[in-house]
Amino acid sequence: MAEGRTVLVGGRASDTTADTPGAVAEIAIADGLIAQVGSAAGQVERRGGDTVIDVDGDIITAGLVNTHHHLYQWMTRGRATGCNLFDWLVTLYPVWAQLDVEDVLAAARVGLAELALSGCTTAADHHYLVPRGDDSVFDAIATAAAEVGIRLHLARGSMDLGESDGGLPPDHVVEDTESILVSTERVIDRWHDGEMVVVTVAPCSPFSVSETLMRESAALARRHGLKLHTHLAETREEEADCLARFGQRPLAVLEEWDWVASDVWYAHGVHFDDAEIARLAQAGAGVAHCPSSNARLAAGFCRTRDLRAAGVPVGLGVDGVASNEQGTLMTEMRQALWSARQGTQDPAALAAADALDMATVGGANCLGRPDVGRLVPGARADLVVWPGEDLADIPDPVEALVFGPDRRARLVFVGGQPVVQDGMLRGLDLAAARRDLAQRARRLWP
Ligand code: ZN
């Protein structure tokens, strides 16, 4: 069809090859998909009826993919700032227990808006707090995603192992195993469309779930052909807990529970040894790397260089802002770069293009989305135009973007539809959403 195409021209192309995602000079969008891509001026043919947008030296990349988040944590920023993971969780569980569905909606609105404004077009939210068993909390998150206009991987999280059963969370924040499974089926029925909302089955972490929940969740997800997600190998404390309770390291425990496979991606994956990395690669299981959260909670550094070299799909996740404070993938790209180099003392451990690769293709691979995270013909037209006027002196636009100062997207398309224009969200009044959130968050701290 000649009519209805949108053609972006005038971008700064990077030196990366066609196989690695980079910045492109020109791109044509039609029917929600990428129609044509050009790495030099004039490569995309102009047709009558095209809407041509000159991006004037800005940087065009694929939309970013966030593989791990807890949107509700926008309610509890800036708290428990001197804690490791377990102390931080024990401090915040009782506060999170006060949240209601409206609070989660308010947090999801702001969290997803911040993601969209910083170039994210697909976001996974791992939500495992279901106050009083009210699973309309998942409707709230999906509603917020529809308002903002980005793709949501709605991870129906869960916890069924309270303190009295040897778990970390207090009993009053966990759910009954059977109720979780029934609710998960309901959430799939209500929301899963495979495109804008993809439901994932996501028990929380080894120290908050039962073996029954893990096994039944895996079976449920596989009946529906859905992905599985959980926290794994985040801290040494978690490792010690698994050794004490099961006599095995975290990955071996999950192996027994049938949770090491290509339909699984784990959040964090900090403390994998060489044999475990080889096993992940063999299984095709992915890792959501959350470098800011790992740094703030002193969890350790994820072996991204080794994971990627072994062929493990590695994406980026912002994790909740209660352990991150910013909630944008732009900062995670840079932190991933810093953490890999600092942890290995190898300046070649990760390059800017690798960080962008993790934030796009790597994340899409974790989520099982071959249709996003790529600027190739036929992929969904999810893309970002980044302001580049202050970076024009830097030779490689991807290096400029990743090494450079934080920035907001100028223009974001999801499925060819503009979600952010001139740096402003189209679907949501962000100032009002921020005020609502701040008012609600203050209530939690009398
Ligand atoms: Zn997390």
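None of these values were measured; they are calculated from a predicted model.

Trainee: Even after reading the chapter, I still don't get the sheet that holds strand β5 (residues 59–62), so can you show me in this structure?
Mentor: Two strands in a sheet stick together by hydrogen bonds in their backbones, pointing the same way (parallel) or opposite ways (antiparallel). Read from one edge to the other, the open sheet built from 5 strands follows the order β5-β14-β15-β16-β17, with strand pairing classed as antiparallel. Edge strands, defined here as strands with exactly one partner in the open sheet, are β5 and β17 (424–425).

Trainee: What exactly am I supposed to notice about unusual backbone geometry here?
Mentor: Excluding glycine, a negative phi dihedral is what most residues carry, and trans is how most peptide bonds are arranged. Despite not being glycine, A80 has its phi angle at roughly 50 degrees, a positive value. Positionally, A80 belongs in the loop between β6 (64–66) and α1 (85–96). Exposure remark for A80: the relative accessible area of 18% places this residue in the buried category. Positive phi values are uncommon outside glycine, yet R132 reaches one of about 55 degrees. Tracing the backbone through its elements, the reader meets R132 in the loop between β7 (120–127) and α3 (136–148). Assessed through its relative accessible area of 68%, R132 is described here as exposed.

Trainee: Mind showing me how you'd approach the coordination of the zinc ion here?
Mentor: Surrounding the zinc ion are the protein donor atoms H68 (NE2), H70 (NE2), H231 (NE2) and D319 (OD), which sit 2.1 to 2.4 Å from the metal. One can describe the site at the zinc ion as irregular: its 4 donor atoms subtend angles covering 87 to 175 degrees at the metal. Along the chain, the residues donating to the zinc ion are arranged with the sequence spacing H-x1-H-x160-H-x87-D. Taken as a pair, H70 in the loop between β6 and α1 and D319 in the loop between β13 (314–316) and α11 (329–344) lie far apart in primary sequence, 249 residues in all. What makes D319 buried here is its relative accessible area of 4%.

Trainee: How do you make sense of the pattern of salt bridges when you look at a structure like this?
Mentor: Oppositely charged side chains can pair when the atoms bearing their charge come close. Tallying each qualifying case throughout the model produces 39 salt bridges. For the salt bridge of E147 with R109, the shortest nitrogen-to-oxygen distance reads 2.7 Å. One end of the pair, E147, is in helix α3; the other, R109, is in helix α2 (residues 101–117), and 38 residues separate them in sequence. The class for E147 is partly exposed, based on a relative accessible area of 25%. In this structure R109 comes out as partly exposed when scored by relative accessible area, which is 23%. The shortest N-O distance in the salt bridge between D371 and R369 comes to 2.9 Å. The exposure class of D371 is buried, given its relative accessible area of 18%.

Trainee: Honestly, the packing of aromatic side chains in this entry has me stumped. Any pointers?
Mentor: Each aromatic ring pair is described using two quantities: the centre-to-centre distance and the angle formed by the ring planes. Enumeration according to the criterion identifies 8 aromatic pairs in this entry. Their ring planes at 90 degrees and their centres at 5.8 Å tell us that Y72 and Y128 sit as a pair that is edge-to-face. Here Y72 is found in the loop between β6 and α1, whereas its partner Y128 is found in the loop between β7 and α3, with 56 residues between them in sequence. Residues F246 and W257 carry aromatic rings whose centres are separated by 5.5 Å and whose planes lie at 90 degrees to one another, so their mutual orientation is edge-to-face. Placement of the pair is F246 in helix α6 (residues 236–246) and W257 in the loop between α7 (250–256) and β11 (264–268), with a sequence separation of 11 residues. Accessibility expressed as a relative area gives 3% for W257, which makes it buried. Cluster of aromatic residues (ring-pair linked, three or more members): Y72, W88, Y93, W96 and Y128. Over the aromatic face of W445 sits the side chain of R79, whose NZ or CZ is 3.8 Å from the ring centroid.

Trainee: Explain the domain arrangement of the protein to me, please; I cannot follow it from the model alone.
Mentor: Parsing the protein into structural domains produces domain 1 (6–62 + 380–425) and domain 2 (64–367). Of note, the centres of domain 1 and domain 2, computed from C-alpha atoms alone, are 29 Å apart. Facing 30 residues of domain 1, the contacting portion of domain 2 comprises 30 residues. A combined buried area of about 2300 Å² lies between domain 1 and domain 2, and 66% of that area is made up of carbon and sulfur atoms. Linking domain 1 to domain 2 there are 4 salt bridges. Only β5, β14 (383–386), α13 (397–403), β15 (411–414), β16 (417–421) and β17 provide two or more residues apiece to the side of domain 1 that touches domain 2. Looking at the side of domain 1 that touches domain 2, its residues break down into 18 nonpolar, 6 polar and 6 charged.

Trainee: Would you mind going over the environment of A40 with me for this structure?
Mentor: Structurally, A40 is set in the loop between β3 (33–38) and β4 (51–54). Owing to a relative accessible area of 31%, A40 belongs among the partly exposed residues under this scheme. Taking C-alpha positions, A40 is 47 Å from L254, a pair spaced 214 residues apart along the chain. Not counting residues within four places of it along the chain, the set of residues in contact with A40 comprises A25 and E26.

Trainee: Any chance you could explain α6 here in plain terms?
Mentor: Along α6, the residues classified as buried are E238, E239, D241 and C242. An end-on view of α6 places all buried positions within 160 degrees of arc, on one side of the element. Where the residues of α6 are buried, they touch α1, β10 (228–232) and α7. Downstream of α6 by a residue or two, G247 has a phi angle that is positive, lying close to 70 degrees.

Trainee: What is the right way to look at helix α14 (residues 430–443) in this model?
Mentor: Counting along an α-helix, one turn takes 3.6 residues, and residues three or four places apart therefore face a common direction. Under the 1.5 Å per step criterion, the end-to-end length of α14 is 20 Å for 14 residues, consistent within 8% with the ideal 20 Å. When α14 is considered as a whole, its buried residues turn out to be L430, A433, L437, R440 and A441. Across the axial projection of α14, the buried residues extend over an arc of 100 degrees, all falling on one side. Residues of α14 that are exposed and point over 90 degrees away from its buried face: R435, Q439 and R442. Packing partners of the buried residues in α14 comprise α2. If you check the start of α14, you find a side-chain oxygen 3.3 Å away from the backbone N of A431, and it comes from D429.

Conventions used here
- Residues numbered from 1 in each chain as written.
- Predicted model: local features only at pLDDT ≥ 70, side-chain atom pairs only at ≥ 80, totals over all residues.
- Heavy atoms only, no water.
- Pairing = 2+ DSSP bridges.
- Helix = DSSP H or I, 4+ residues; strand = E, 2+ residues; numbered from the N terminus.
- Buried < 20%, exposed > 50% of the residue type's maximum accessible area, 1.4 Å probe, protein only.
- Donors = N, O, S within 2.8 Å, 3.2 Å for Na, K, Ca; no water.
- Tetrahedral: all angles 85-135°; square planar, octahedral: opposite > 155°, others 65-115°.
- Salt bridge = Lys/Arg side-chain N within 4 Å of Asp/Glu carboxyl O.
- Phe/Tyr/Trp six-rings, centres within 6.5 Å; stacked < 30°, edge-to-face > 60°.
- Lys NZ or Arg CZ within 6 Å of the ring centre and 35° of its normal.
- Domains from an automatic or database assignment.
- Contact = heavy atoms within 4.5 Å.
- Buried area = accessible area lost by both parts, 1.4 Å probe.
- Nonpolar A, V, L, I, M, F, W, Y, C, P; charged D, E, K, R; others polar.
- Arc of directions from axis to C-beta.
- Expected span 1.5 Å × (residues − 1).
- Polar contact = N/O pair within 3.5 Å; in protein donor to acceptor, adjacent residues only side chain to side chain.

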